[in-house]
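# Architecture and fold: a report
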Amino acid sequence: MCFSATADLVAGCGIAAVGVACVARTRTAADLPMAALPLILGVHQIVESLVWRAGGGSGPATVAWAAIALPLLAVWVPAAVLCVAPPSARRRLTIPLVAGLLTAAVLSYCLATHGVTAEIRGHAVGYAVSLPASELLVAGYLLATIGSLLLSGDRHLRVLGILVTVGAATCWVLWEAEFISTWCAFAAVCSLVMYGWVRGRSVPARVSRVSVGR
């Protein structure tokens, strides 16, 4: 996520504030789950700041971080996209949603039965959980989260999906090298894209007035 407890806390508060603004501007119930996504991401980073301060381990903050990152987002993202998608895209979006539900069920079981541990590795935090068929679970997770954004039929959400793809790939390379964790920067950019999406959705359509002479 971020490279220190302070960075996680500052970035998390900033992203959560954008999330609050997104929720406040929302005008329809269908838009609310997607508008709340930056708020969830902000809270997630704040939780990780607690993982840093605890020195890793398997405490409540670590469990909360994993619960949000793994099963929750695997279901929340595709469900939120489906709520706001145009009718022409809804049928194909059932595939990411089903993938997310199945993936979340397995991830929840693994977290409940095997637990999760965190380890501070320089400027990054490593999380370990025992997963069966991990490659298949990763594929299902990516299909549910990134796949739903790319298949959404909404220009802003497709841009968000591209940003998340680039950000995830970049952060994974840096994290694998145990150099530094930089996801907070991409999360901040994504939250601003989401605010732009909410702002566009909240602007009422202009109605053209035509004067008819008698």
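Source: prediction; values computed, not measured.

## Here we look at the confidence of the model for the protein
Per-residue confidence for the protein averages 89 on the pLDDT scale, and 90% of its residues sit at or above 70. Summarising per-element confidence for the protein, the mean pLDDT is lowest in helix α7 (residues 155-176) (83) and highest in helix α4 (residues 60-84) (97). Confidence drops under pLDDT 50 across residues 205-214; counting only partners more than four residues distant or on other chains, this segment forms zero contacts.

## Observations concerning the pairing of strand β1 (residues 117-121)
Pairing of β1 with strand β2 (residues 124-128) involves five bridges; the strand directions are antiparallel. Looking at β2, one finds that Arg121 is bridged to Ala124. Connecting β1 to the antiparallel partner β2 that follows it, the hairpin turn spans two residues, and Gly122 within it adopts a positive phi of roughly 70 degrees.

## Thoughts on unusual backbone geometry
Of note, the phi angle at Ala133 is positive, near 45 degrees, even though the residue is not glycine. Following the sequence through the fold, Ala133 ends up in the loop between β2 and α6 (134-150).

## Some points on the UniProt feature "transmembrane region" (unreviewed entry) in the protein
The UniProt entry lists residues 63-85, 97-118, 124-144, 156-174 and 180-198 under the feature "transmembrane region" (unreviewed entry), expressed in the numbering used here. Secondary structure over residues 63-85 splits into 96% helix and 0% strand, and the C-alpha atoms at its two ends are 32 Å apart. Secondary structure over residues 124-144 splits into 52% helix and 24% strand, and the C-alpha atoms at its two ends are 25 Å apart.

## Section: the packing of α4 against helix α5 (residues 87-114)
At their nearest, the axes of α4 and α5 sit 8 Å apart, and the two run at 165 degrees to each other. With respect to α5, the element α4 is oriented roughly antiparallel. For the crossing formed where α4 meets α5, the hand is left-handed. On the side of α4, the interface is formed by Ala66, Ala67, Leu70, Pro71, Ala74, Val75, Pro78, Ala79, Val81 and Leu82, while α5 contributes Arg90, Leu93, Pro96, Leu97, Gly100, Leu101, Ala104, Leu107, Ser108 and Leu111.

## Looking at the environment of Leu41
Relative to the helices and strands, Leu41 is located in helix α3 (residues 37-54). For the pair formed by Leu41 and Ala187, sequence separation is 146 residues and the distance between their alpha carbons is 7.3 Å.

## Things to note about the environment of Gly200
Along the chain, Gly200 turns up in helix α8 (residues 183-202). Taking the relative accessible area as the measure of exposure, Gly200 reaches 48% and is therefore partly exposed. For the pair Gly200 and Arg25, spaced 175 residues apart in the sequence, the C-alpha separation amounts to 9.9 Å.

## Digging into α6
Across its 17 residues, α6 extends 23 Å between first and last C-alpha, which sits within 8% of the 24 Å expected from 1.5 Å per residue. Of all the bends found along α6, the most pronounced is centred on Leu143 and spans about 30 degrees. For α6, the complete set of buried residues consists of Leu137, Gly140, Ala144, Thr145, Ile146, Gly147, Ser148 and Leu149.

Criteria and cut-off values
Residues numbered from 1 in each chain as written. Predicted model: local features only at pLDDT ≥ 70, side-chain atom pairs only at ≥ 80, totals over all residues. Heavy atoms only, no water. pLDDT = per-residue confidence, 0-100. Helix = DSSP H or I, 4+ residues; strand = E, 2+ residues; numbered from the N terminus. Contact = heavy atoms within 4.5 Å. Pairing = 2+ DSSP bridges. UniProt positions renumbered as here; feature names shortened; annotations may be inferred. Axes fitted to C-alpha atoms, helices over the stretch in contact; angles between N-to-C directions. Parallel < 35°, antiparallel > 145°, perpendicular 65-115°, else oblique. Left-handed = near helix turned anticlockwise from the far one by under 90°. Buried < 20%, exposed > 50% of the residue type's maximum accessible area, 1.4 Å probe, protein only. Expected span 1.5 Å × (residues − 1). Bend = angle between axes of the 7 residues up to and from the residue.

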